[in-house]
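Examining the three-dimensional arrangement
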Amino acid sequence: MPEAPQNLLERADDHDCLLSDKNKKALQFIENVTRHADEQQERVLAEILSGSANVEYLQRHGLNGHVDRETFKKVMPVIVYEDIKPDIDRIAHGDASPILCSQPISEFLTSSGTSGGERKLMPTIEEEMERKSFFYSLLMPVMDKFVPGLEKGKGMYFLFIKSEAKTPGGLVARPVLTSYYKSSHFKERPYDPYTNYTSPNETILCLDSYQSMYSQLLCGLFLNNEVLRVGAVFASGFIRAIKFLEKHWPLLCNDIRTGNIDPKITDPSVRDAVFKILKPNPEHADFIEAECKKESWKGIITRLWPNTKYIDVIVTGTMSQYIPTLDYYSNGLPLVCTMYASSECYFGLNLNPLCNPSEVSYTLIPTMAYFEFLPVNRKSRFSNSFSEPISPKAAEQLVDLVDVKLGQEYELVVTTYAGLYRYRVGDILKVAGFKNKAPQFNFVCRKNVVLSIDSDKTDEVELQNAVKNAANHLSPFDASLIEYTSYADTSTIPGHYVLFWEIIHSGTTQTPPSVFEDCCLTIEESLNSVYRQGRVSDKSIGPLEIKIVENGTFDKLMDYALSQGASINQYKTPRCVKYAPIIELLNSRVVSSYFSPKGPKWVPGHKQWSAEN
């Protein structure tokens, strides 16, 4: 993820000295706060609780102004989103009283996690933007230790905003990165060599995804020799940019050859910004054309941007499925994951950014929030969920930041400055080591998420309900669904959801192909707004596919699971599969496949506010 401005430089002629000094101070800050992690955590909690001592939520639970950890843990419950949704709804509908936080809620950040088929709304305050900006300022000092000289060129990052909504009470609700890119912290950032991007602000802030992608690629191609690092937020987004280039390079080459911009780019501010960069350069256009015309696109990134030192994208969690594709396009350039963050809070940094993607760990910065950890136990690979704490005293299992154990997996719980208290984020982390007293975590997965292509997250219950809705289409044809599973297919770009269905017919009536296509569309219509936006607006997810398999296929799947050590007493059909031999087994028994014939319905905003938008 790209960095925020650091307000480092007033004059370009002495920037090397200032940059070096700023980098040293940033690294010293990391050293200090990790060395005194527990003291920092105690201070952060006291600061949060004292600042919001009189808010309704804390009074409701009887904290009574206490700021110590012992009382906090004794009286405050561990919660999920549904527990505070009534409070969130009050704020969204205009209640400005101090419900969750003493400071005014400035906007809502929409989480890609879902609740009731809609985005979750995370409260934030103005002060949080400063905290995030400072957090961003730590990234490049760490990177400079491993790849010096990045200030001498540009970063080609594909950054995009998404649609936003207004709550009935007038607060903006939008994704966290959209909030940042539209803020003065990004738009009005002072000169800084680390935030010197090939993409003008106007191209990033263009809501039309085609125009934004086209114009960012055009600038990146024109300035190719100045590019030292490339990236996007997610691996999927960066690969989507390369696929876009594969499709549209003739137009882009023509623009570079002539110094004009394709007429499809109609946004005046985008055209003006690009024209400040673009000049006719037939020789450069010929070079790009020659590379793009070659039969193989292996290594296309290093061929077109020869000075690139690494790719900056998230490749942990579900994004790891894109690593082979990135390696192919880049000839194995380092894949760098710099930070770990969410809508709820920014969490930690990767202090060893050139490590293998499978070894990425994040050091949690103790000043960002108060962190607690709930131990979890993974089930076998043939089950998708995690065992839930069943004891009424489950909260007593939580441990503090400095008390986690090496190799143990935990669910992350946060208390933030913006009004979340002992909130279960839903991320599963594994302790990989320590930086001084601060633990370093591998990201394992999102809790209960079974399918994900981009920023979408579909859990098992949501998938089950969607499949149930779709299977109703089979009844008139004396057919019924007896078993199913799914996987995220990223062999195509954009990736798409694949469902394997085993059908039984009780009569002789054949089910028409159009019925299975209707089933595909019904599933998509039943999934959350993040998925549907990815399908319709962002074009980051391809049409859903149903593959019909031979009868007896799921018996074969169970036999395979048992042969790998699964217990016959505990085995249940996995609702999502990722293990290559299982996918191969299922694909070998496919008799027909069908795709969704069109995109599902999607409109910007929140379903319950649609009348107000």
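Up top is the structure these notes are about.
Let me sum up the structure you'll find in this document. (Residues numbered from 1 in each chain as written. Predicted model: local features only at pLDDT ≥ 70, side-chain atom pairs only at ≥ 80, totals over all residues. Heavy atoms only, no water.)

**Structural notes on the sheet that holds strand 8 (residues 335-336)**
If you walk across this open sheet you meet the 4 strands as 3-6-7-8, and the pairing is parallel. Edge positions in the sheet fall to strand 3 (154-158) and strand 8, since each of these pairs with one other strand and no more. In this sheet, strand 8 lies alongside strand 7 (residues 310-314) in parallel orientation, the contact comprising 2 bridges. Within strand 8, the position partnered with Asp312 by the bridge is Val336. Here helix 12 (residues 235-258) sits on the sheet in contact with strand 3, strand 6 (227-234) and strand 7, set at roughly 120° to strand 6. (Pairing = 2+ DSSP bridges. Helix = DSSP H or I, 4+ residues; strand = E, 2+ residues; numbered from the N terminus. Contact = heavy atoms within 4.5 Å. Axes fitted to C-alpha atoms, helices over the stretch in contact; angles between N-to-C directions.)

**Thoughts on the sheet that holds strand 16 (residues 438-446)**
A sheet is described by the order of its strands in space; here 8 strands give the open sequence 9-10-11-16-15-14-12-13, paired in antiparallel fashion. Lying at the two open borders of the sheet, with one neighbouring strand each, are strand 9 (339-341) and strand 13 (399-400). For strand 12 (residues 370-375) and strand 14 (residues 409-415), the ladder comprises 6 bridges, and the chain directions are antiparallel. Within the sheet, the bridge partner assigned to Glu372 lies in strand 14 and is Val413.

**Things to note about the packing of aromatic side chains**
Evaluation of the coordinates by the stated rule reveals 24 aromatic pairs. Summarising the aromatic geometry, the rings of Tyr136 and Tyr346 are spaced 5.5 Å apart at their centres and angled 85° between planes, so their arrangement reads as edge-to-face. Placement of the pair is Tyr136 in helix 6 (residues 126-136) and Tyr346 in strand 10 (residues 346-349), with a sequence separation of 210 residues. With respect to burial, Tyr136 and Tyr346 carry one shared label: buried. Taking NZ or CZ as reference, Arg131 lies 3.7 Å from the ring centre of Tyr417, over its face. Above the face of the Tyr484 ring, Arg575 is positioned so that its terminal group lies 4.2 Å from the ring centre. (Phe/Tyr/Trp six-rings, centres within 6.5 Å; stacked < 30°, edge-to-face > 60°. Buried < 20%, exposed > 50% of the residue type's maximum accessible area, 1.4 Å probe, protein only. Lys NZ or Arg CZ within 6 Å of the ring centre and 35° of its normal.)

**Points about unusual backbone geometry**
Look at the link from Ile493 to Pro494: it is a cis peptide, with omega at 0°. Mapped onto the elements of the fold, Pro494 is located in the loop between strand 19 (479-489) and strand 20 (496-505). The phi dihedral of Asn436 is positive, around 55°, even though this residue is not glycine. A residue is classified by how much of its surface remains accessible, and Asn436, at 31% relative accessible area, is partly exposed.

**Side note on the environment of Met122**
Within the secondary structure, Met122 sits in strand 2 (residues 118-124). Residue Met122 is classed as buried on the basis of its relative accessible area, which comes to 1%. Sequence-wise, Met122 and Tyr81 are 41 residues apart; in three dimensions their C-alpha atoms are separated by 9.1 Å. Beyond its immediate sequence surroundings of up to four residues, Met122 is in contact with Tyr81, Glu107, Phe108, Leu109, Ser111, Ser343, Glu344, Leu420 and Tyr423.

**Some words on the pattern of salt bridges**
The final tally for this structure, using the stated rule, is 32 salt bridges. Here Arg43 ties to Glu47 by a salt bridge, and the two come within 3.0 Å at their closest N and O atoms. Residue Arg43 and its partner Glu47 are both found in helix 2 (residues 37-51); the two are separated by 4 residues, about one turn of the helix. Among the residues examined, Arg43 registers a relative accessible area of 35% and is labelled partly exposed. Look at Glu47 and you get partly exposed, because its relative accessible area is 37%. (Salt bridge = Lys/Arg side-chain N within 4 Å of Asp/Glu carboxyl O.)

Take it as geometry only, folks, not as evidence of what the structure does.
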